[in-house]
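Take a look at the letters that make up each chain.
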Amino acid sequence: MPNTHVISDSGQIAAGLRHPDLKQALYDEGAVIMDQTLLTLHGEQHRKRRLLEFRVFRKDFFHWYERTVFPQTLLQSMAPDIAAGRSELIDLGYRVTMNLTADFAGIDRPDKSTEETTRLLRLVSTFSEGATLVHSTRPKDEVRTEVRQAITDFGPQFLDHSISRRRALLDRLDAGEIKEEELPRDVLTVILQMGDPQEFTPEVLSREIAFYLQAGAHSTANSTIHAFHDIYSWAEEKQSRWDRLRGDPIFFQRAVHESLRLHPASPVAWRRTTCPMHLDGAGDLDEGEMVEFRLAESNRNKSIYGDDADLFNPHRSIPVPHLPFGHTFGTGVHTCLGRDLDGGVVPREGTDPQTHQYGTITLFLRDLFSRGARQNHDDPPRMATYTARPNWGHYPIIFDEGRQWRA
Ligand code: HEM
């Protein structure tokens with residue numbers, strides 16, 4: 001990127017990502033899948049779309065989601081692995097998070113089979129390659145052709161019948177045969193019910209839902225695996241750490257946030273100036289200049305997180321106003337819409353552990369550890385070699401009966 005201004009100071013990132021004259025720029029190359037999706041819209045169009053899709057989170061959403069949808073989807077996705085007594089965490093993590101994200105986006109999986117999830121995952125991996133085309137080392141037009149084919153296949157395989165089922169339910173709602181509460185609570189339903197049909201042409205609708213699937217699944221899966229590794233490695237040093245993690249779910253969530261801080265799924269955010277402007281940390285800028293906000297770097301700033309900022313330490317104290325997961329979910333107008341879904345609510349003094357909203361990563365990991373999940377000492381985890389990103393590529397686990405958390 002020529003003439004890119006780099007900002008890694010946490011306060012300047014927070015101010016910059018709120019600036020109305022800076023526009024999303026990371027996905028320009030990935031327009032084949034990202035054009036006119038929420039993350040790439042700007043100004044009033046973005047505000048309107050975000051308000052619409054935010055309606056998914058209406059009354060009691062998180063309570064319902066964590067207590068009803070999550071346990072069912074988790075158990076369905078994990079059943080074969082639990083029966084086998086072992087699993088491969090990358091594969092399992094992707095299957096679980098794919099299904100959770102599909103619930104949220106509004107994509108039905110009528111078979112509820114591993115084969116069906118794998119088919120969806122394959123499409124979503126191609127969408128993702130399209131979204132991050134800017135970083136791809138492959139011929140870009142080849143990737144674009146694959147993405148177009150995946151969008152074409154997505155219709156008959158998943159999207160079309162998810163739309164038809166929801167349209168039929170909306171008709172029944174109009175006819176007074178069902179109540180509003182009986183509608184699915186997902187992005188697709190909200191768009192079909194209240195979205196402007198002029199805005200959501202079939203192509204835009206398809207890209208919007210495809211975008212949600214890839215935005216949610218990959219980031220959640222990778223973050224979950226990092227958090228498993230960080231928590232497991234830290235707790236293995238002392239039994240008292242396992243005891244604390246098991247008995248104190250709020251502390252467990254704190255440990256997940258610490259891992260999220262260390263391994264943000266999007267290490268940078270890019271923006272382009274829409275007019276001449278002044279930006280703290282970059283100076284006076286002309287229209288069309290690029291700014292890179294270094295989220296990962298700011299998350300390890302020693303003046304905020306202490307001298308051991310590079311280490312996993314769930315006991316660290318974090319000064320106000322910084323969040324325990326730093327800028328991992330972004331900030332400002334494009335703040336991650338899945339933040340509270342995945343990370344839960346940041347607890348306050350006196351938060352009730354019975355009613356607290358923990359987020360899916362904490363709930364998934366607690367479920368795994370309570371089933372005795374541990375590394376397979378005969379087949380240790382390995383980092384991925386197919387990407388420059390420091391992600392895990394092979395992570396076998398065993399469900400060890402002797403380590404189960406019994407009531
Ligand atoms: C650990 C998991 C996740 C991480 C680290 C993450 C990170 C991010 C970041 C950094 C952004 C802002 C990008 C920017 O400013 O350029 C973002 C936006 C977004 N994320 Fe996430 N995300 C995660 C999970 C999810 C999930 C589960 C969903 C939905 C099911 C989701 C939906 C979105 C959406 C819709 C946006 C765009 C918001 C907007 O433009 O207004 N994310 N995410």
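Refer to the structure presented above.
Residues numbered from 1 in each chain as written. Predicted model: local features only at pLDDT ≥ 70, side-chain atom pairs only at ≥ 80, totals over all residues. Heavy atoms only, no water.

Chemist: How do you make sense of the overall build of the protein chain when you look at a structure like this?
Modeler: Assigned secondary structure in the protein chain consists of 15 helices and 11 strands. Rg of the C-alpha trace for the protein chain: 21 Å, near the compact-globule value of 22 Å for 407 residues, within the 12% margin. By the burial criterion, 52% of the 407 residues in the protein chain qualify as buried. If you take every contact in the protein chain between residues at least 6 apart in sequence, the share linking residues at least 24 apart comes to 70%. Looking at the protein chain as shown, the accessible area adds up to about 18,900 Å², and 51% of this sits on carbon and sulfur atoms. Positive and negative charge centroids in the protein chain, built from 48 and 59 side chains respectively, lie 3 Å apart. (Helix = DSSP H or I, 4+ residues; strand = E, 2+ residues; numbered from the N terminus. Rg over C-alpha atoms; globule rule 2.2 N^0.38 Å. Buried < 20%, exposed > 50% of the residue type's maximum accessible area, 1.4 Å probe, protein only. Contact = heavy atoms within 4.5 Å. Areas by Shrake-Rupley, 256 points an atom, 1.4 Å probe, with all protein chains shown as cover. Lys, Arg positive; Asp, Glu negative; His and termini not counted. Charge placed at Lys NZ, Arg CZ, Asp CG, Glu CD.)

Chemist: Mind showing me how you'd approach the packing of helix 5 (residues 89–105) against helix 9 (residues 202–235) here?
Modeler: For the pair helix 5 and helix 9, interaxial distance at closest approach is 8 Å and the crossing angle is 140°. When the axes of helix 5 and helix 9 are compared, the crossing they make is right-handed. Residues Leu 89, Ile 90, Gly 93, Tyr 94, Thr 97, Met 98, Thr 101, Ala 102, Phe 104 and Ala 105 of helix 5 lie in contact with helix 9, whose contacting residues are Ile 209, Tyr 212, Leu 213, Gly 216, Ala 217, His 218, Thr 220, Ala 221, Asn 222, Thr 224, Ile 225 and Phe 228. (Axes fitted to C-alpha atoms, helices over the stretch in contact; angles between N-to-C directions. Left-handed = near helix turned anticlockwise from the far one by under 90°.)

Chemist: What should I look at first to understand the pattern of salt bridges in this one?
Modeler: For side chains bearing opposite charge, pairing can occur when the charged atoms are close. All told, the structure shown has 35 salt bridges when counted by the stated rule. Between Arg 144 and Glu 29 there is a salt bridge, and its shortest N-O distance comes to 3.2 Å. Here Glu 29 lies in the loop between strand 2 (22–24) and helix 2 (31–34) and Arg 144 lies in helix 7 (residues 140–174), a separation of 115 residues in the sequence. On the basis of relative accessible area, Arg 144 is assigned to the buried category, the value being 19%. You can call Glu 29 partly exposed: its relative accessible area is 30%. One salt bridge in this structure joins Asp 81 and Arg 95, with 3.0 Å as the shortest N-O distance. Placement of the pair is Asp 81 in helix 4 (residues 61–84) and Arg 95 in helix 5, with a sequence separation of 14 residues. (Salt bridge = Lys/Arg side-chain N within 4 Å of Asp/Glu carboxyl O.)

Chemist: What is the right way to look at the sheet that holds strand 8 (residues 373–375) in this model?
Modeler: Strand pairing in a sheet is mediated by backbone hydrogen bonds. Such pairs are either parallel or antiparallel. The sheet built from 3 strands is open, its strands ordered 3-11-8 with antiparallel pairing. Only two strands of the sheet have a single neighbouring strand rather than two, namely strand 3 (86–88) and strand 8. Strand-to-strand, the axes of this sheet are offset by a mean angle of 30°, without reference to chain direction. Note that strand 3 and strand 11 (residues 396–399) share 3 bridges and pair antiparallel. Of the residues in strand 11, the one forming a bridge with Glu 88 is Pro 396. Sitting on the sheet, helix 5 touches strand 3 and strand 11, and the angle it makes with strand 3 is about 80°. (Pairing = 2+ DSSP bridges.)

Chemist: I tried to follow the coordination of the iron atom of the ligand on my own but got confused; where do I start?
Modeler: Ideal geometry at a metal gives 109.5 degrees between four tetrahedral donors and either 90 or 180 degrees between six octahedral ones. Of the protein atoms, Cys 336 (SG) alone serves as a donor to the iron atom of the ligand, at 2.3 Å. The topology assignment puts Cys 336 in the loop between helix 13 (302–305) and helix 14 (339–343). (Donors = N, O, S within 2.8 Å, 3.2 Å for Na, K, Ca; no water.)

Chemist: Please explain unusual backbone geometry as it appears in this structure.
Modeler: Among all residues save glycine, negative phi is the norm, and among peptide bonds the norm is trans. Here the amide bond leading from Val 320 into Pro 321 is cis, since omega sits at 5°, within 30 degrees of zero. Inspection of the secondary structure puts Pro 321 in the loop between helix 13 and helix 14. The phi angle at Asp 60 is positive, at roughly 65°, despite the residue not being glycine. Mapped onto the fold, Asp 60 is located in the loop between helix 3 (43–53) and helix 4.

Chemist: Whenever I open this one, the side chain of Arg 261 confuses me. Can you help?
Modeler: Positionally, Arg 261 belongs in helix 11 (residues 249–262). For Arg 261, a relative accessible area of 0% corresponds to the buried category. At 2.8 Å, the side chain of Arg 261 and the backbone oxygen of Asn 299 are in polar contact. Setting aside its immediate chain neighbours within four residues, Arg 261 contacts Asn 299, Arg 300, Tyr 305, Ala 309, Leu 311, Arg 316, Pro 324, Phe 325 and Thr 328. (Polar contact = N/O pair within 3.5 Å; in protein donor to acceptor, adjacent residues only side chain to side chain.)

Chemist: Help me understand the site of the ligand in this model?
Modeler: With respect to spatial proximity, 26 residues lie near the ligand, and among them His 46, Arg 50, Arg 271, His 334 and Cys 336 are the closest. Between the ligand and Arg 271, the relevant distance is 2.7 Å, taken from an oxygen atom to a side-chain nitrogen or oxygen of the residue. Between an oxygen atom of the ligand and a side-chain N or O atom of His 334, the distance comes to 2.6 Å. Elements with a contribution of two residues or more to the shell around the ligand: helix 3 and helix 9. Tallying contributions element by element places helix 9 first for the shell around the ligand, with 7 residues. (Near = heavy atom within 4 Å.)

Chemist: For this particular structure, what's the right way to read the packing of aromatic side chains?
Modeler: Given two aromatic rings, one states the distance between the centres and the angle between the planes to describe the pair. Using the criterion set out here, one finds 21 aromatic pairs in the structure. Ring centres of Phe 61 and Phe 104 lie 6.1 Å apart, and the angle between their planes is 80°; on these two criteria the pair is classed as edge-to-face. Residue Phe 61 is located in helix 4, and its partner Phe 104 is located in helix 5; the two are separated by 43 residues in the primary sequence. Judged on exposure class, the residue Phe 61 and its partner Phe 104 are both buried. Taking 6.2 Å as the distance between ring centres and 55° as the angle between the ring planes, the aromatic pair formed by Phe 252 and Phe 369 counts as tilted. Placement of the pair is Phe 252 in helix 11 and Phe 369 in helix 15 (residues 360–370), with a sequence separation of 117 residues. (Phe/Tyr/Trp six-rings, centres within 6.5 Å; stacked < 30°, edge-to-face > 60°.)

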